[in-house]
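Observations on chain architecture
The chain contents come next:
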Amino acid sequence: MRTERYTAYPRVDLPDRTWPAASLTRAPQWCAVDLRDGNQALAVPMDLARKRKLFELQVRMGFKEIEVGFPAASKTDFDFIRLLIEEDLIPDDVAIQVIMPAREELIHRTFASLAGARHAIAHLYNSTSCLQREVVFGMDRAQIKDLAVRSTRLCKKLTEDLGIPGIRYEYTPESFTGTELDFALEISNAVTDVWDPSPDHTMILNLPATVEMSTPNVYADQIEWMHRHLDRRDSLVLSIHPHNDRGTAVAAAELACMAGAERIEGCLFGNGERTGNVDLVTLGLNLFTQGVDPMIDYSDLAEVAATVEYCNRLPVHPRHPYGGELVHTAFSGSHQDAIKKGFEALEHRARTTGTPLARLPWAVPYLPIDPKDIGRDYEAVIRVNSQSGKAGSAYLLKTAFHLDLPRPLQAEFARIIQEHTDGTEGELSADEVWSAFRRTYLDATRPLRLLDHTARSSDDGATRSLTCTLLTGTDDPLTLHGSGTELADALLHGLTTLPPSEALDPTALSLGELTRHPLPPDGDQAPRCAAYARLDHHQRSAWGAAIAPDTTTAVLQAVLSAVNRLSAESAGASSTARC
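The model shown is predicted, which means the values in this text are computed figures rather than measured ones. The residue numbering used here restarts from 1 in each chain and proceeds along that chain's sequence as written. The model is predicted, so local features are restricted to residues of pLDDT at least 70 and side-chain atom pairs to those at 80 or more, both for listing and for counting; the totals for chains, interfaces and linings are taken over all residues. Side-chain numbers come from the whole structure's heavy atoms, not from hydrogens or water.

Each reported salt bridge corresponds to a side-chain nitrogen of Lys or Arg within 4 Å of a carboxyl oxygen of Asp or Glu. Considering all chains together, one arrives at 43 salt bridges under this definition. In the salt-bridge network here, residues are joined through shared partners; they are Arg 133, Arg 141, Lys 145, Glu 180, Asp 182 and Glu 186.

Throughout this description, the term nonpolar core refers to a set of buried Ala, Val, Leu, Ile, Met, Phe, Trp, Tyr and Cys residues connected via side-chain atoms within 4.5 Å. Burial classification: accessible surface area is computed with a 1.4 Å probe over protein chains only, and a residue below 20% of its type maximum counts as buried, one above 50% as exposed, and the rest as partly exposed. One finds Phe 63, Val 68, Ile 96, Ile 223 and Leu 268 to be the most contacted residues of the largest nonpolar core, which totals 96 residues. In this structure, Leu 491, Ala 531, Ala 548 and Ala 554 belong to the second largest nonpolar core, which totals 31 residues.

The next point concerns the packing of helix 3 (residues 75-86) against helix 4 (residues 104-113). Two elements in contact, helix 3 and helix 4, have axes whose closest approach is 9 Å; the angle formed by their N-to-C orientations is 30°. In terms of orientation, helix 3 lies roughly parallel with respect to helix 4. Here Phe 78, Ile 81, Arg 82 and Ile 85 of helix 3 lie close against helix 4, whose contacting residues are Arg 109, Ala 112 and Ser 113. Taken together, the residues that form the contact of helix 3 with helix 4 break down as four nonpolar, one polar and two charged. Fitting a line to C-alpha atoms yields each axis, with helices limited to the stretch in contact; the angle taken between N-to-C directions then spans 0 to 180 degrees. Per the convention used, a helix needs a DSSP run of H or I reaching at least four residues, while a strand needs a run of E reaching at least two, with both numbered from the N terminus. Oblique is the label for any angle not covered by the other classes, which are roughly parallel (under 35 degrees), roughly antiparallel (over 145) and roughly perpendicular (65 to 115). Contact definition: two residues touch when any of their heavy atoms are within 4.5 Å. Each residue is assigned to one class: nonpolar for Ala, Val, Leu, Ile, Met, Phe, Trp, Tyr, Cys and Pro, charged for Asp, Glu, Lys and Arg, and polar for all the others, Gly among them.

Time to look at helix 16 (residues 487-495). Burial of helix 16 is extensive: seven of the nine residues sit out of reach of the surface. For helix 16, the set of buried residues is Leu 487, Ala 488, Ala 490, Leu 491, Leu 492, Gly 494 and Leu 495.

The next thing to look at is the pairing of strand 9 (residues 449-457). Across eight bridges, strand 9 lies against strand 10 (residues 464-471) in antiparallel orientation. Residue pairing across strands places Arg 449 opposite Leu 471, the latter belonging to strand 10. Any two strands with at least two DSSP-identified bridges between them are counted as paired. Counting the residues between successive antiparallel strands, the hairpin from strand 9 to strand 10 contains six residues, one of them, Gly 461, with a positive phi of roughly 75°.

We now examine the layout of surface pockets. Its boundaries defined by the atoms lining it, the largest pocket holds a volume of some 550 Å³. Cavities and pockets are defined on a 1 Å grid built over the protein atoms alone: a cavity is a set of grid points where a 1.4 Å probe fits but cannot escape, while a pocket is an open set with protein on both sides within 12 Å along at least five of seven lines, and lining residues are those with an atom within 4 Å of any such point. For the largest pocket, the lining is made up of 23 residues, of which Arg 26, Ala 27, Pro 28, Gln 29 and Glu 262 are closest to its centre. Taken together, the elements giving at least two residues each to the lining of the largest pocket come down to strand 1 (29-32), helix 9 (249-258) and helix 10 (280-288). By residue number, the principal contributor to the lining of the largest pocket is helix 9, which donates three residues. For the lining of the largest pocket, the residue count by class is 13 nonpolar, five polar and five charged. Grid points are joined across faces, edges and corners, and a volume is the space filled by probe spheres set on the points.

For the rest of this paragraph, the subject is the confidence of the model for the chain. The predicted coordinates of low-pLDDT regions are not to be read in fine detail. Here pLDDT means the predictor's own confidence in every residue, given as a number from 0 to 100. This prediction gives the chain a mean pLDDT of 91; 95% of its residues lie at or above 70. Taken together, the stretch residues 573-579 has pLDDT below 50 and engages in two contacts with residues farther than four places along the chain or on a different chain.

This part takes up the sheet that holds strand 4 (residues 120-127). In spatial order, the strands read 1-2-3-4-5-6-7-8; together these eight strands close into a barrel with parallel pairing. Along the sheet, successive strands turn relative to each other by an average axial angle of 25°, direction set aside. In this sheet, strand 4 lies alongside strand 3 (residues 95-101) in parallel orientation, the contact comprising six bridges. Across the sheet, the residue bridging to Met 100 is Leu 124, located in strand 4. Of the strands in this sheet, strand 1 and strand 8 (263-266) are in contact with helix 10, which crosses strand 1 at around 155°.

With that settled, consider the sheet that holds strand 12 (residues 509-519). The sheet built from three strands is open, its strands ordered 12-13-14 with antiparallel pairing. Looking at strand neighbours, the two that pair on one side only are strand 12 and strand 14 (540-548), the edges of this open sheet. Pairs of neighbouring strands in the sheet enclose a mean axial angle of 15°, with direction left out of account. Sheet topology note: the strand 12/strand 13 (residues 528-537) ladder contains 10 bridges and is antiparallel. In the sheet register, His 517 faces strand 13, and the bridge partner there is Ala 530. Each of strand 13 and strand 14 is contacted by helix 15 (residues 430-442), which is oriented at about 110° to strand 14, the strand it contacts most. Lying on the sheet, helix 16 is in contact with strand 12 and strand 13; it crosses strand 12 at an angle near 140°.

Here you go:
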């Protein structure tokens with residue numbers, strides 16, 4: 001590759017920079033520019049209906065400054081601004097922002113669009129970069145500065161002529177990151193002198209990374225340098241507008257705020273020219289996960305994503321931070337296990353402290369944010385494919401069907417799921433995992449199925465006696481009697497009266513593990529119980545499971561499920577050996 005064609009971006013001489021020691025402790029002022037900067041990057045720009053829908057979403061979310069268009073460049077934008085003003089669609093605490101280039105006729109057209117507005121930001125820009133001065137405009141520094149100053153004087157006059165006290169002024173030296181710092185400072189101070197802001201009536205100075213050309217730390221140095229050297233700094237709101245050409249706009253914005261920036265312009269989910277503008281969703285929720293209120297409501301992020309997708313006619317990437325379909329999803333077995341244990345630890349802490357889970361400090365591995373805080377649920381947090389371990393299928397069974405499998409059973413069932421997913425290219429839904437569990441364990445009712453049972457305890461409670469009726473593989477009823485310290489032991493004792501077969505010797509069965517737990521009512525059904533039993537048979541083991549209306553029935557059916565699975569496995573092994 002021809003690396004000699006490119007030159008490293010120059011560093012800023014700022015040895016006493018302070019931003020590396022700063023922290024983000026409050027939200028910046030936000031300005032959403034989707035309706036202008038985002039819209040001009042669309043293959044099919046938004047119509048009036050889409051613009052209105054997106055504007056109303058941003059108002060609901062809490063944005064107080066919204067750039068609504070480029071009225072001098074587009075009739076649709078002009079008409080939309082008039083619609084907002086004439087139909088009184090702008091809340092009293094929201095300022096609309098309109099952008100205009102430093103051209104006299106276009107400035108007049110822009111101010112005409114604002115007639116009747118209560119609160120508005122008139123945003124002027126002209127490009128100041130070395131490259132554009134030379135190859136686009138053919139102007140030197142003095143001419144570029146004069147253009148900005150003359151245009152600002154015109155904006156000030158038109159503001160006075162319109163008689164709108166609520167108009168604020170914003171100036172952008174476009175392509176700031178391609179501009180010499182001393183010239184960016186010179187032209188910014190000149191414009192500020194003309195507008196004559198005060199601490200009570202501030203002016204917005206916007207320093208964009210119109211093209212992202214360096215690492216984020218260099219942008220932060222540029223912002224801190226300007227922050228230190230600007231005249232009348234207390235009368236300026238220092239704004240940034242990072243683009244994402246190098247893929248680091250979010251980091252650049254965060255470091256720039258640490259360096260002195262107070263305001264950020266960007267788009268929801270980062271739409272915009274080329275690789276997009278800085279993403280206001282990621283920025284806001286990054287603050288939220290650090291305990292800082294972003295002052296924007298992201299609590300229904302699915303609605304935000306759906307509206308943005310509709311208005312932009314572009315999808316939100318499934319891996320997009322916070323908002324993508326898959327960002328809270330784990331397929332990896334080790335990740336699933338850690339997430340499952342994290343949820344269990346939170347639930348345990350909630351029970352033992354009597355604190356609602358939603359009020360506990362969030363601490364779940366691999367999930368930097370509680371999906372419920374942004375309107376998502378936990379159903380898609382863990383999904384099962386060929387990369388999933390035991391925790392994935394167990395988590396789905398627990399969250400969707402309330403089955404709390406013992407860890408050894410989780411491992412056994414995971415191998416069954418693995419065999420299934422290895423033969424497919426997709427993933428398994430919770431319903432498909434449930435179907436596999438049901439077929440494997442709950443439907444293991446042959447050759448022995450429980451029809452009826454009667455249980456009694458000895459006077460001292462030390463022994464349980466059991467009489468049960470089973471249906472055999474030949475559909476003949478069979479009555480067994482047994483006793484033991486537990487009902488499962490009593491059933492195994494009764495099974496020893498059956499003659500051994502090639503597949504199974506009942507006298508060699510022993511109970512390895514038995515657990516049970518209640519299940520919540522399902523609709524109109526009464527509460528039920530789930531039981532899981534592991535039986536050992538010579539050098540082999542198998543698990544059984546059952547769901548029944550009562551604990552006794554569930555335990556007996558789980559034991560028989562394990563017996564039937566051992567019989568089936570033995571019969572299969574014998575058949576294979578004969579072949």
